[in-house]
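Fold and contact review
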Amino acid sequence: MTTPLAIHNPSSGIDRLTALDLPSTLHHHISWLDKAFPAADFPSPEHQDRARRALEERVDGLASLLSRATTAIHDDHAVVLRGLPAESTAMVVAITSAVGPVVPSRPDRPLIDDIRPTPGEEDKQSTRLGDRRVALTPHTDNSTMSTPPAVLALAFVRNDDPDSGGESTLTHIDDVAAALDTTDVELLCEPRYPSLNVPTDAGRTPTLTSVLTRHNDGRLTARYRDEALDAGIASSHAPDSPSNAHLDALRRFTSTVRDPARQTRVRLESGDLLIIDNTRFLHGRTEISPHARRHLKRLYTQLSDNSRTSK
């Protein structure tokens, strides 16, 4: 079953986010998959591929559905899979690997991050964005890395009722660029913006990055996190300072991505798996209620050749 969800992206003509229902029989194979593919095997792309193919042989219609999901990533840069037994890490890895090999965000990080937001009073002490309950503004995951992860996947093990907040927001970079002056876009493509991974790298030398990159095929990609850019620009260790024109372009970019009219809110339920192109969509989240129970698994993939984005 396919459920269209509205998505605001007039510049490219995309107006739907595909939501696909996974076969309900997937739940019958959790025990087998967990035993056949233990956690020690997860980092191996070969084991991920083997687990997924074995699952496809056991579950009617799964291979076809996952093929449609990779097409959605290619064409629309996002897809939601529903009915995932997200409590099983083996299941989450196997299903997500259809897009490409699941990889850690960086060498010193685990393959999968368990995100369980802390009580509101502890938000300021948290070193991870996902652990906070405050609203998260649109951003690129791991924007300070030399090459940010290509694809972000969020598997919801538990999400409380809609009144608890925590809606995901999606902002397509083409939509943002279309609202900016071409001069601003070109300034944002220049590597003149110091960026610092805060709070973990506070005091270190910021990395000079561009906010946007225009590729040979005309495609724009983004690497943007407001906290990282603010810290980098304010740092006394910054190797260079952006000009006033660069800073003005960044302010207009920030104002545009924060405009609610350019954000689509997606309410994700327990068992939903959101997969987005981390370079084409900025994502965020509304505030989570102080007592809401929320648990998700965050992981990243490399795009396989047959799912590499071209639009």
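Residues numbered from 1 in each chain as written. Predicted model: local features only at pLDDT ≥ 70, side-chain atom pairs only at ≥ 80, totals over all residues. Heavy atoms only, no water.

Some remarks on the pattern of salt bridges
- Under the criterion given, the structure shown has 18 salt bridges.
- With a closest N to O distance of 3.4 Å, E167 and R265 form a salt bridge. In this pair, E167 sits in the loop between β7 (151-159) and β8 (168-172) while R265 sits in strand β13 (residues 264-266), placing the two residues 98 residues apart along the sequence.
- According to the relative accessible area criterion, E167 is partly exposed, its value standing at 23%. (Salt bridge = Lys/Arg side-chain N within 4 Å of Asp/Glu carboxyl O. Helix = DSSP H or I, 4+ residues; strand = E, 2+ residues; numbered from the N terminus. Buried < 20%, exposed > 50% of the residue type's maximum accessible area, 1.4 Å probe, protein only.)

What to know about helix α2 (residues 45-58)
- Here α2 is 14 residues long and its end C-alpha atoms lie 20 Å apart, about the 20 Å a rise of 1.5 Å per residue gives.
- Buried residues of α2: Q48, A51, R52, A54, L55 and E56, and no others.
- Where α2 is buried, its residues meet α1 (30-36), α3 (62-76), α4 (89-96) and β4 (102-103). (Expected span 1.5 Å × (residues − 1). Contact = heavy atoms within 4.5 Å.)

What about the packing of α2 against α3?
- The contact between α2 and α3 brings their axes to 8 Å, and the two run at 125°. By the angle class used here, α2 and α3 are oblique. In this structure, α2 contributes R52, L55 and E56 to the contact, and α3 contributes L62, A63 and L66. (Axes fitted to C-alpha atoms, helices over the stretch in contact; angles between N-to-C directions. Parallel < 35°, antiparallel > 145°, perpendicular 65-115°, else oblique.)

A short note on the packing of α2 against α4
- In the contact formed by α2 and α4, the axes pass within 8 Å of each other and the chain directions differ by 90°. What the angle tells us is that α2 and α4 run roughly perpendicular. On α4, the residues touching Q48, A51, R52 and L55 of α2 are M91, V93, A94 and I95.
- Residue composition of the contact of α2 with α4, grouped by class: six nonpolar, one polar and one charged. (Nonpolar A, V, L, I, M, F, W, Y, C, P; charged D, E, K, R; others polar.)

Side note on the nonpolar core
- L55, L81, L84, I95 and I275 are the most contacted members of the largest nonpolar core, which totals 38 residues.
- Breaking this core down by element, the ones donating at least two residues are α1, α2, α3, β3 (78-82), α4, β7 and β14 (273-277).
- Leaving out residues up to four positions away in the same chain, L84 has contacts with L22, M91, V92, I95, A155, G271 and L273.
- Listed in part, the 20 residues of the second largest apolar core include A177, L180, A222 and F253. (Core = buried A, V, L, I, M, F, W, Y, C linked by side-chain atoms within 4.5 Å.)

Digging into the packing of aromatic side chains
- Inspection of every chain in the model, using the stated rule, returns two aromatic pairs.
- For the ring pair Y224 and F253, a centre distance of 5.0 Å and an interplane angle of 65° mean the geometry is edge-to-face. Of this pair, Y224 sits in the loop between β12 (220-222) and α7 (226-234) while F253 sits in helix α8 (residues 244-257); the two residues are 29 residues apart in sequence, bridging distant segments of the chain.
- Looking at Y224, the relative accessible area reads 1%, which means it is buried.
- In this structure, R58 is placed above the aromatic ring of W32, and the distance from its NZ or CZ to the ring centre is 3.8 Å. (Phe/Tyr/Trp six-rings, centres within 6.5 Å; stacked < 30°, edge-to-face > 60°. Lys NZ or Arg CZ within 6 Å of the ring centre and 35° of its normal.)

Describing the environment of D76
- Assignment of secondary structure puts D76 in helix α3.
- Placed 96 residues apart in sequence, D76 and H172 show a C-alpha to C-alpha distance of 9.7 Å.

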